[in-house]
Amino acid sequence: MKNAFSIFLIGTALFFANATTRAQTPSDFLPSESVFDTLSADLKINGKDGPVEVAVGERITISWESEGAKRCKGNWSRNDLKLNGKITGRLGSSVVNSIIVRIACIDADGNREDDSVALKITGSTPPPFKNPVNPTPSSPTPPPADQPIIISSCGEITKSGKYILARNLLSVNADCLSIYDTTEVHLDCRDYSISVNPNGRGFIPIDIKRVENFSIESCQLKIPKQEPWSGFEFTIKIRDSKNGEIKKNIFENTSVPVSSSTHITIRDNRFADSVYVQDYTTGSIIENNIFSLSYEHDVTPSGMVELNFGSYNQVRGNKINGGAKGIMAEQIRADDGILLQYESFDRIEKNFVENNYDCGIETVGTITDTTIKNNHTKNNGECGIGGWYWSSWKGNVVSENIVENSPKMFQFSRIYGFRSTGWDPLQKLPADQSVIFQDNIFTGNKFVNARVTPFDYPSSLITINLPTQSGTGDVRLPLLSELIVKNNTFSNNDFSTTLKAPLFAPTGMIVDGGGNICAKSSEPDYPLACGRGQ
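Notes on the structure in this doc start here. (Residues numbered from 1 in each chain as written. Predicted model: local features only at pLDDT ≥ 70, side-chain atom pairs only at ≥ 80, totals over all residues. Heavy atoms only, no water.)

**Structural notes on the state of the cysteines**
Under the counting rule described, the total for this entry stands at 5 disulfides. The partner cysteine of C189 in its disulfide is C219, sulfur to sulfur 2.0 Å. Its torsion about the S-S bond being 70 degrees, the disulfide of C189 and C219 is classed as right-handed. Taken together, the residues C189 in the loop between β14 (177-188) and β15 (194-196) and C219 in the loop between β16 (206-217) and β17 (220-222) connect sequence positions 30 residues apart. Looking at C189, the relative accessible area reads 0%, which means it is buried. Among the cysteines of the protein chain that take part in disulfides, numbered as they appear in the sequence, the pairing is 1-2, 3-4, 5-6, 7-8, 9-10. (Disulfide = S-S within 2.5 Å. Helix = DSSP H or I, 4+ residues; strand = E, 2+ residues; numbered from the N terminus. Buried < 20%, exposed > 50% of the residue type's maximum accessible area, 1.4 Å probe, protein only.)

**Quick word on the sheet that holds strand β21 (residues 250-252)**
In spatial order, the strands read β17-β21-β24-β27-β30-β33-β37-β41-β46; together these 9 strands make up an open sheet with parallel pairing. Bordering the open sheet on either side are β17 and β46 (446-448), each of which pairs with just one other strand. Within this sheet the neighbouring strands show an average axis-to-axis angle of 10 degrees, counted without direction. Here strand β33 (residues 352-356) pairs with strand β37 (residues 376-380) via 4 bridges, running parallel. Along β37, the bridge assignment pairs V353 with T377. (Pairing = 2+ DSSP bridges. Axes fitted to C-alpha atoms, helices over the stretch in contact; angles between N-to-C directions.)

**Observations concerning the packing of aromatic side chains**
Enumeration over the complete set of coordinates arrives at 23 aromatic pairs. A centroid spacing of 6.4 Å and a plane angle of 40 degrees characterise the contact between F490 and F495, whose relative ring orientation is tilted. Using a relative accessible area of 0% as the deciding quantity, one classes F495 as buried. Relative to Y526, the ring of F504 has its centre 6.1 Å away and its plane inclined at 45 degrees; by these criteria the two rings are tilted. Of this pair, F504 sits in strand β51 (residues 503-505) while Y526 sits in the segment after β52 (510-514); the two residues are 22 residues apart in sequence, bridging distant segments of the chain. Here a set of aromatic residues connected by ring pairs shows up, and it is made of W393, F410, F412, F437, F442, F490, F495, F504 and Y526. It is K408 that lies over the ring of Y457; its NZ or CZ is 3.6 Å from the centre. The residue whose ring lies beneath R419 is W390, and the NZ or CZ to ring-centre distance is 3.4 Å. (Phe/Tyr/Trp six-rings, centres within 6.5 Å; stacked < 30°, edge-to-face > 60°. Lys NZ or Arg CZ within 6 Å of the ring centre and 35° of its normal.)

Printed below as a string of structure tokens:
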């Protein structure tokens, strides 16, 4: 007899449950993420690639096919899936939400292919239609008019439609355009500007709250330079929204914050003396933007692009110039080019990141199942790629990156202890339970024009030891039993022979995948063959 089962939604993950399965966490996913033509995975819900909308209580069918795969996993089951299969059940939850159903497959070489379907779960299934005795026809909601709505003054937008600017807008003592509690709003500024009185600090040219399916295009959003400079002002702010696109805009002297949102695309914009920061946001895409910082003031943003407390985000194809001299001793302008803090399942690829006084790409806190691939970092004062503050790394892939003119290619360590549950601004994160550097892959990376300094640095510094110093909000320091460092593979990396061989500690956490180039080390049991002169 077949086991009966139901489908449960917990948080934002989908689970099939029967007598033998348990919910899986993101850390159960396959760690690597390289896509090759010989490997494919195709996922469908109710026979569709998505997005798919179903009601609580309806039956759904999840089907998948793979080619060239050795193993497949989905975020509805802890166990491995069949390479091709189908499962059907009812939505056994009262939770109404939008989620992403995912499958990941790997081949025998560890290459990975993913597919996903957006699933929107609405309220209960409506009752069957009954023709009333005296029907009262309802007025259908008209679609957005083909004719755009002309905007010639500041105000509120709470209805769907296509909006265009007729002229530049200026607000003296309030936000200019407030867009909230609506759907299908598309604004084309036609290269006009939206601004606020420079003396009205705190007001926002465009404020977006609780909006679904929207776009902002071809706007000039600028904040006048002021003396004394006291920090970035906002020109657009996005909160609690989803399925939005910000494209072909010009931002000057501003910060663009996005929070508690899903599927926001930031594309083809120019950020002049401006930064992008997102918090608690999933499924975003930041691509093909130009970021630059040239302020003469001592501006020190943590990152030109900063992602915090989210997942499944992508940063790709951007040109990022932090405007610094690339010297750690001169901490002016950008600290890092790209900064990730407590993120998972992100992809950082094909970005050109230069002129930061710390690192091209830096991480803070726990980073899992993230790919950093095909990036080029240049003239950064500390390292190309690294992380140390509250750092834990698991299941990440760092591949085919070029690090140019920096003192170190990679730098990883652990500074500071354990934080308690809910230490973050929205009190959502769990407490720290271990210090981890495990199951990471570093392959095909190249160190070009390694910078020689008086400090005689090794070409990379990866030392994961117990921290001895507590940071803000720490509750205690970790114990030796809470240090998990193992199975980190290094293959085909060119560490350069200009600087000393990479320093690893403990050396037992390193797996030599072969093909590495480095200087010879004086350590008798050096973990890479290149350091042993082999």
